[in-house]
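Close look at the chain arrangement
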Amino acid sequence: MIRQLLSEDMMQESVIYQDILQKGKQQEAFSLSMSLVKERFGDIDESIYQKVQSLKIEQLEALCRSLLRMSEMNDLVAWLEQQQSS
């Protein structure tokens, strides 16, 4: 019934649709980032998990790239602190 009332274009332009899409992208970026963090450093403590979870999509993408240059957990902690101060 909703599809009959609203065209696909109208639905895609709606604020609600865009919000849902944004939340999905955020969750995907977070999942990928956490996967890479755990692959690189193993299990992490809850405080680091929460800091990563609070990052915006752009920051999560930057984290994925930055992980290639990190060699120890302290590098990750420093990177997260830098993001919070920005």
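If you're wondering where the values come from, they're calculated on a predicted model, not measured in any experiment.

1. With respect to the nonpolar core
One recurring pattern in soluble globular proteins is that nonpolar side chains are buried together. By size, the foremost hydrophobic cluster in this structure holds 17 residues, and its most contacted members are V52, L63 and L76. Breaking this core down by element, the ones donating at least two residues are α3 (15–41), α4 (46–53), α5 (57–66) and α6 (73–85). Apart from residues lying up to four places away in sequence, L76 is in contact with V37, F41, I48, L63 and M70.

2. With respect to the packing of aromatic side chains
For any pair of aromatic rings, the description consists of the separation of the ring centres together with the inter-plane angle of the planes. Applying the stated criterion to the full structure yields 1 aromatic pair. Consider the rings of F30 and Y49, whose centres lie 5.4 Å apart with planes at 85 degrees: the pair is edge-to-face. Here F30, found in helix α3, pairs with Y49, found in helix α4; they are 19 residues apart in sequence, far enough to count as distant. Accessibility expressed as a relative area gives 8% for F30, which makes it buried.

3. With respect to the packing of α5 against α6
Two elements in contact, α5 and α6, have axes separated by 12 Å at closest approach and are oriented at 155 degrees. Accordingly, the angle class assigned to the pair α5 and α6 is roughly antiparallel. Crossing handedness for the pair α5 and α6: right-handed. Along the contact surface, α5 presents Q59, A62, L63 and S66, while α6 presents L76, W79 and Q83. Class assignment of the residues belonging to the contact of α5 with α6 gives a composition of 4 nonpolar, 3 polar and no charged.

Here is what the cut-offs are and how they apply
- Residues numbered from 1 in each chain as written.
- Predicted model: local features only at pLDDT ≥ 70, side-chain atom pairs only at ≥ 80, totals over all residues.
- Heavy atoms only, no water.
- Core = buried A, V, L, I, M, F, W, Y, C linked by side-chain atoms within 4.5 Å.
- Buried < 20%, exposed > 50% of the residue type's maximum accessible area, 1.4 Å probe, protein only.
- Helix = DSSP H or I, 4+ residues; strand = E, 2+ residues; numbered from the N terminus.
- Contact = heavy atoms within 4.5 Å.
- Phe/Tyr/Trp six-rings, centres within 6.5 Å; stacked < 30°, edge-to-face > 60°.
- Axes fitted to C-alpha atoms, helices over the stretch in contact; angles between N-to-C directions.
- Parallel < 35°, antiparallel > 145°, perpendicular 65-115°, else oblique.
- Left-handed = near helix turned anticlockwise from the far one by under 90°.
- Nonpolar A, V, L, I, M, F, W, Y, C, P; charged D, E, K, R; others polar.

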